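Structure at a glance
Read off the chains here:
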Amino acid sequence: MLNDPRSHGLWEKTAPAPPQTVALRGNATADVVVIGGGYTGLSAALHLAEKGAKVILLEAHEIGFGGAGRNVGLINGGMWTMPSEIPGVLGPVYGERLLDLLGNAPLAVRALVEKHAIPCEIEKQGTLHCAVGDKGLEEITERCRQWAARGADVRILSAAETATRTGTDVYAGALLDMRAGTLQPLAYARGLAQSAIAAGAAIHTRSPATSTERTGSRWLVNTAGGSVSADWIVVASEFYSTGPFEAVRNEQVLLPYFNFATVPLSEEQLKTILPERQGCWDTKEILSSFRMDHAGRLVFGSVGALRNSGLPVHRAWAKRALVQIFPQLKGTEFETEWYGRIGMTDDALPRFHKFDDNVVGFSGYNGRGIAPGTVFGKTVASHILGELPEADLPLPVSDVREVPLRTLKGAYYEAGAQIAHFAGARF
Ligand SMILES: Cc1cc2nc3c(=O)[nH]c(=O)nc-3n(C[C@H](O)[C@H](O)[C@H](O)COP(=O)(O)OP(=O)(O)OC[C@H]3O[C@@H](n4cnc5c(N)ncnc54)[C@H](O)[C@@H]3O)c2cc1C
């Protein structure tokens, strides 16, 4: 992908090959044209095609080029926002709907992976939200209480239990969420693409949508090599949007996030570190995450961009912090490194936009898009198929609003992470 080892790192190295696709040439017609080949667009295309709709998906680069091919692979339940706060922001009706949908979304991912036999290293032993100090413990305890009250399979682990499951004693406890898990993110995207094609969808890569126009009651989406005429447009280009729906990007602030993957660990190391393979992240403001891939590589990440002066700073930090957390990894080399762009909305919640008649899309996943993208893709498909009226969607229609000072805020996150990692203290 892109010939840039720092874009998709480990995932490009270990994902099965993508399905064969070509760029759009000439003029085509469809019921629905989907813009974007990440989880949202691929899930929408798959669910539409399964119900007999004629779908053409346009991807600017390659399948999984955006967040889908670069992320940590944590299949999370819910968003960052505490469950109790969501009805306050969206109102009780949408709040409850969103909580239900996103709380169960990791299970929907598992079901889809199983149904289509997608080879994506899926792990079902849950995730651990690891508490740093008393403040962290308070936060996860409250989060656990709120999810448990909603019937979720969650519980708090003591510091000792956390140490046994993670292989480090630096945490004061952890929230074990058994709904959640991990997967190989690019393999999942490629598997969704394969399944969508098998269901009858057409996918054109290297085909950025450059403009849209109304032609009678239909839409025309143009690319450099051709156009697609369709009744509906699904906008699924999220934070990597370019072209006609770039505004989606402008309503989010950039939070860069990097990952380093070690060489495969030894049998001895694997006995102590994540023996059950939960995916983990911590409660720090500049958070860190770690998880294992199938071959036993530890993927260790945090906030920051691996470019310019950030590259040596974050590299040095990652080496120091890894050994601070896992002294048993002293001398272990990193094999790959990569980073990507997370988009953060001002209230940390996703959006449903109706850009025009029959032009719709979900976006704004705030670094938690594997499960939400999958279920929002299915939701938008149901809406287009007439199974889910607008009034029953999990989010209200909202206008696209550019975040004030977004460039400055993004630069602040990037510089802030660099300063914090340069200063180096972790706990
Ligand atoms: C470093 C990092 C770590 C993350 N960690 C996690 C995690 O652990 N768990 C989790 O759930 N989420 C995580 N996320 C977030 C997750 O990756 C995203 O939320 C998810 O990929 C969104 O899926 P999507 O399909 O909506 O968008 P994307 O995956 O970003 O796909 C959008 C696609 O649209 C294409 N596109 C853009 N413009 C056009 C155009 N004009 N024409 C055609 N195509 C276009 C892009 O090329 C891109 O491929 C992380 C993200 C990053 C960057």
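This structure is a prediction, so every number in the text was calculated from the model and none was measured. (Residues numbered from 1 in each chain as written. Predicted model: local features only at pLDDT ≥ 70, side-chain atom pairs only at ≥ 80, totals over all residues. Heavy atoms only, no water.)

**What about the domain arrangement of the protein?**
- With domains assigned, the protein is organised as domain 1 (5-126 + 179-423) and domain 2 (127-178).
- Taken over C-alpha atoms, the centre of domain 1 sits 25 Å from the centre of domain 2.
- Listed by partner, the interface residues are 36 residues for domain 1 and 27 residues for domain 2.
- For the pairing of domain 1 and domain 2, the buried interface totals around 2,500 Å² over both sides, and the portion due to carbon and sulfur atoms is 53%.
- Connecting domain 1 to domain 2 are four salt bridges.
- Its salt-bridge partner being aspartate 100, residue arginine 150 comes within 3.8 Å of it at the nearest N-O pair.
- When residues of the side of domain 1 that touches domain 2 are traced back to their parent elements, those giving at least two are α4 (92-103), β15 (279-282) and α11 (310-325).
- Of the residues that constitute the side of domain 1 that touches domain 2, the class distribution is 14 nonpolar, 14 polar and eight charged. (Domains from an automatic or database assignment. Contact = heavy atoms within 4.5 Å. Buried area = accessible area lost by both parts, 1.4 Å probe. Salt bridge = Lys/Arg side-chain N within 4 Å of Asp/Glu carboxyl O. Helix = DSSP H or I, 4+ residues; strand = E, 2+ residues; numbered from the N terminus. Nonpolar A, V, L, I, M, F, W, Y, C, P; charged D, E, K, R; others polar.)

**Comments concerning the pattern of salt bridges**
- Counted under the stated rule, the structure contains 25 salt bridges.
- Between arginine 190 and glutamate 12 there is a salt bridge, with its nearest N and O atoms 3.2 Å apart. Note that arginine 190 is positioned in helix α8 (residues 185-198) and glutamate 12 in helix α1 (residues 5-14), a separation of 178 residues in sequence.
- Classification of arginine 190 as buried rests on a relative accessible area of 7%.
- Glutamate 50 is the salt-bridge partner of lysine 115, the closest N and O atoms lying 3.1 Å from each other. Here the residue lysine 115 occupies a position in helix α5 (residues 105-115), and glutamate 50 occupies one in helix α2 (residues 39-50), the gap between them amounting to 65 residues.
- You can call lysine 115 exposed: its relative accessible area is 58%. (Buried < 20%, exposed > 50% of the residue type's maximum accessible area, 1.4 Å probe, protein only.)

**A look at the packing of aromatic side chains**
- Within this structure, the stated rule accounts for 14 aromatic pairs.
- For the ring pair phenylalanine 258 and tryptophan 317, a centre distance of 6.0 Å and an interplane angle of 75° mean the geometry is edge-to-face. A residue pair is termed long-range when its members are at least 10 positions apart, and phenylalanine 258 in strand β14 (residues 253-262) and tryptophan 317 in helix α11 qualify at 59 residues.
- For phenylalanine 258, a relative accessible area of 0% translates into the label buried. (Phe/Tyr/Trp six-rings, centres within 6.5 Å; stacked < 30°, edge-to-face > 60°.)

**Brief notes about the site of the ligand**
- Looking at the ligand, there are 37 residues lining it, with Tyr39, Thr40, Glu59, Leu74 and Thr242 nearest.
- Glycine 67 is positioned with one of its backbone polar atoms (N or O) 3.0 Å from an oxygen atom of the ligand.
- The protein chains hide 97% of the 1,000 Å² of surface that the ligand would expose on its own.
- Of all the secondary structure elements, the ones that give two or more residues to the shell around the ligand are α2 and β18 (334-344).
- The element that contributes the greatest number of residues to the shell around the ligand is β18, accounting for three residues.
- The residue inventory of the shell around the ligand, partitioned by class, reads 16 nonpolar, 16 polar and five charged. (Near = heavy atom within 4 Å. Polar contact = N/O pair within 3.5 Å; in protein donor to acceptor, adjacent residues only side chain to side chain. Areas by Shrake-Rupley, 256 points an atom, 1.4 Å probe, with all protein chains shown as cover.)

**A look at the pairing of β14**
- Most of β14 is tucked away, with 10 of its 10 residues classed as buried.
- The alternating pattern of β14 places Val253, Leu255, Tyr257, Asn259 and Ala261 and Leu254, Pro256, Phe258, Phe260 and Thr262 on opposite faces, both of which are buried.
- Note: β14 against β18, 10 bridges, orientation antiparallel. The residue of β18 that forms the bridge with proline 256 is arginine 341.
- Here five bridges tie β14 to strand β17 (residues 298-303), and the two strands are oriented antiparallel to one another. The partner of phenylalanine 260 across the bridge, within β17, is phenylalanine 300. (Pairing = 2+ DSSP bridges.)

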